[in-house]
Amino acid sequence: MKRKIAAFVMSIAMVFSLAACGGGNEGGQQGGNQEGGQKTEGEQKPSGKAVTLKCAFNQTEDHPQFRAMQEFSTALEEKTNGAYKIQVFPNETLGPQAETMNQCRTGAIDMAIVGNSHLSALSDYYKTFDMPFLFNSKEHAKKFIDESEEVAKIYSDTEQYGVKVVAYFTAGVRNMYTKNKAISSVADMKNLKIRTMESDTYAKMMENLGGKATPMSMGEVYTAIQSGVVDGAENNEVSYVNSKHYEVAPYYSMTQHLIVPDWLVINKSVYDSFPDDVKTVFDELSLETQNKEYQLWDEEVEKLMATLDTSKVTITTDVDVPSFQDAVKPLHDELTQNEKIKEVYDAVRAVQ
Ligand code: GCU
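Residues numbered from 1 in each chain as written. Predicted model: local features only at pLDDT ≥ 70, side-chain atom pairs only at ≥ 80, totals over all residues. Heavy atoms only, no water.

Colleague: Can you tell me about the nonpolar core, naming the residues and giving the values?
Modeller: Tyr126, Phe129, Phe144, Met189, Leu209, Trp263 and Val265 are the most contacted members of the largest nonpolar core, which has 56 residues in total. With five residues, the top contributor of residues to this core is helix H15 (residues 339-350). Discounting chain neighbours no more than four positions away, the residues touching Phe129 are Asn116, Leu134, Phe135, Phe144, Ile154, Ile259, Val260, Pro261, Trp263, Val344 and Val348. With 27 residues, the next largest nonpolar core counts Met69, Tyr84, Ile113 and Leu264 among its residues. (Core = buried A, V, L, I, M, F, W, Y, C linked by side-chain atoms within 4.5 Å. Buried < 20%, exposed > 50% of the residue type's maximum accessible area, 1.4 Å probe, protein only. Helix = DSSP H or I, 4+ residues; strand = E, 2+ residues; numbered from the N terminus. Contact = heavy atoms within 4.5 Å.)

Given below as structure tokens:
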């Protein structure tokens, strides 16, 4: 009962403060897309108009990140009495991640979900997360994010580039998949051309493994495998199945070489333009969304893998993973020469 009264009092307080602030877009940069007419320069947003935050996403509507974001939007709308919501544009509709990251930095869009390499291109702290075999498991990665004091420092380092990290999303564990043969040990990687995400670390990783990296955006991968531009790619099970890569690369081998986070980012000026009470709600919901996505992940992997026709797709679970770990040791040694990478690396190791 007490809780209900407190919630009621809070929502009344929110209505007043939102009305007073006119929905959170006055003052700073005009964040979000406001419904209710064209804006002219210097015009104050009339109170009560809803703000729709545009968020870019590069995968399908079934993806756990998309589903968690839908819940974020519904809750945000509810808790701000309709003043704010989020519209997620899936399937690279707003462009590939590299572009949407830039659009988010400039404020052309408000939010984006991007792979780690787009933040490691800005801040060396994030380069640590591109390292193969950094985390022992998906659970280890989550524990680090939830518990390490280093995380606040890592997050704040992107603000000088105009973006604020608001949530960590798991992107599971990445495995190799290929067109013509299964991978059982690192020796099978010899001379294979494999699509990777865009980062020097992944290029070096492939070199260490005996293959060759061909970086490109997610939307180009299917055709690149199909046409023989690459021999395969590497990704988590959700992306492998949802993006139908199994149709062109039917050998999925559990090499488990990368556990790389995705990040939900928001344009810093847009975030700064929120009134304090909206910031509080937004922060609370970001954390809930982070946990929700994590919770959805494993069941989605299980569900999707069960849909694969095993007469057409070969899943190799018996992989000599230590042979991959040994092959990338020189890369760990090289990267940890960098002070910032080493600092995060040690912080990850300190959480077990
Ligand atoms: C994963 C990750 C995406 C990334 C993609 C890729 O699916 O979640 O953020 O874009 O891999 O390989 O490009």
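More follows now that the structure is in view.
Colleague: Can you explain the pattern of salt bridges? Please cite residues and give values.
Modeller: Applying the stated criterion across every chain, the model contains 17 salt bridges. In this structure, Glu147 and Lys143 form a salt bridge, with 3.4 Å as the shortest nitrogen-oxygen distance. With Glu147 and Lys143 both in helix H6 (residues 138-147) and four residues apart, this pair spans about one turn of that helix. Overall, the relative accessible area of 32% leaves Lys143 in the partly exposed class. (Salt bridge = Lys/Arg side-chain N within 4 Å of Asp/Glu carboxyl O.)

Colleague: Describe unusual backbone geometry, and please don't skip the residues or the numbers.
Modeller: Peptide bonds are, in most cases, trans, and in most cases residues other than glycine have a negative phi. Residues other than glycine seldom take positive phi values, yet Phe133 does so here, at roughly 50°. With respect to the helices and strands, Phe133 occurs in the loop between helix H5 (124-127) and H6. Under the relative-accessibility criterion, Phe133 is labelled buried at 14%.

Colleague: A description of the site of the ligand should follow, citing residues and the corresponding values.
Modeller: In the vicinity of the ligand, 13 residues are found, and the nearest of them are Asn58, Arg174, Arg195, Ser239 and Asp262. Between the ligand and the protein, one listed contact pairs an oxygen atom with a side-chain N or O atom of Asn58 at 2.9 Å. Interatomic distance of 2.9 Å between a side-chain N/O atom of Gln59 and an oxygen atom of the ligand. For the ligand, the accessible surface in isolation is 310 Å², of which the surrounding protein chains cover 97%. For the shell around the ligand, the class distribution of residues is three nonpolar, seven polar and three charged. (Near = heavy atom within 4 Å. Polar contact = N/O pair within 3.5 Å; in protein donor to acceptor, adjacent residues only side chain to side chain. Areas by Shrake-Rupley, 256 points an atom, 1.4 Å probe, with all protein chains shown as cover. Nonpolar A, V, L, I, M, F, W, Y, C, P; charged D, E, K, R; others polar.)

Colleague: Provide a residue-level description of the packing of aromatic side chains, including the pertinent values.
Modeller: On inspection of all chains with the given rule, the structure shows 18 aromatic pairs. Relative to Trp263, the ring of Phe129 has its centre 5.8 Å away and its plane inclined at 55°; by these criteria the two rings are tilted. Of this pair, Phe129 sits in the loop between H5 and H6 while Trp263 sits in strand E11 (residues 262-267); the two residues are 134 residues apart in sequence, bridging distant segments of the chain. This pair shows no difference in class: Phe129 is buried, exactly as Trp263 is. Here the basic side chain of Lys138 rests over the ring of Tyr294, its NZ or CZ set 4.3 Å away from the ring centre. (Phe/Tyr/Trp six-rings, centres within 6.5 Å; stacked < 30°, edge-to-face > 60°. Lys NZ or Arg CZ within 6 Å of the ring centre and 35° of its normal.)

Colleague: Before we move on, could you go through the pairing of strand E3 (residues 84-89) and cite the residues and values that matter?
Modeller: A regular strand places its side chains on the two faces of the sheet in alternate fashion. Pairing analysis gives six bridges linking strand E2 (residues 51-56) to E3, with the strands arranged parallel. Residue Thr52 lies in a different strand from E3, and its bridge partner there is Lys85. Regarding the hand of the β-α-β motif, the stretch spanning E2, helix H2 (residues 64-79) and E3 is right-handed. (Pairing = 2+ DSSP bridges. Right-handed = clockwise from strand over helix to strand, strands pointing away.)

Colleague: Account for the packing of H6 against helix H12 (residues 276-306), with residues named and values stated.
Modeller: Remark: H6 packs on H12, axes separated minimally by 12 Å, with the N-to-C direction vectors making an angle of 175°. Put simply, H6 runs roughly antiparallel to H12. On H12, the residues that touch Lys138, Glu139, Lys142, Ile145 and Asp146 of H6 are Gln290, Asn291, Tyr294, Trp297 and Asp298. Considered class by class, the residues forming the contact of H6 with H12 number three nonpolar, two polar and five charged. (Axes fitted to C-alpha atoms, helices over the stretch in contact; angles between N-to-C directions. Parallel < 35°, antiparallel > 145°, perpendicular 65-115°, else oblique.)

Colleague: Give a detailed account of the sheet that holds strand E9 (residues 232-235), specifying residues and quantitative values.
Modeller: The mixed open sheet is built from six strands, whose spatial order is E8-E7-E9-E6-E10-E12. Here the strands that pair on one side only, and so sit at the sheet edges, are strand E8 (212-215) and strand E12 (314-316). Shown here is a sheet whose adjacent strand axes are inclined to one another by a mean of 35°, direction ignored. The pairing of strand E6 (residues 174-178) with strand E10 (residues 251-258) spans four bridges and is classified as antiparallel. Counted as the bridge partner of Thr178 is Tyr251 from E10. Here helix H8 (residues 200-209) sits on the sheet and contacts E6, strand E7 (193-196), E8, E9 and E10; the angle it forms with E8, its principal contact strand, is near 155°.

Interpretation in functional terms is not warranted from these geometric data alone.
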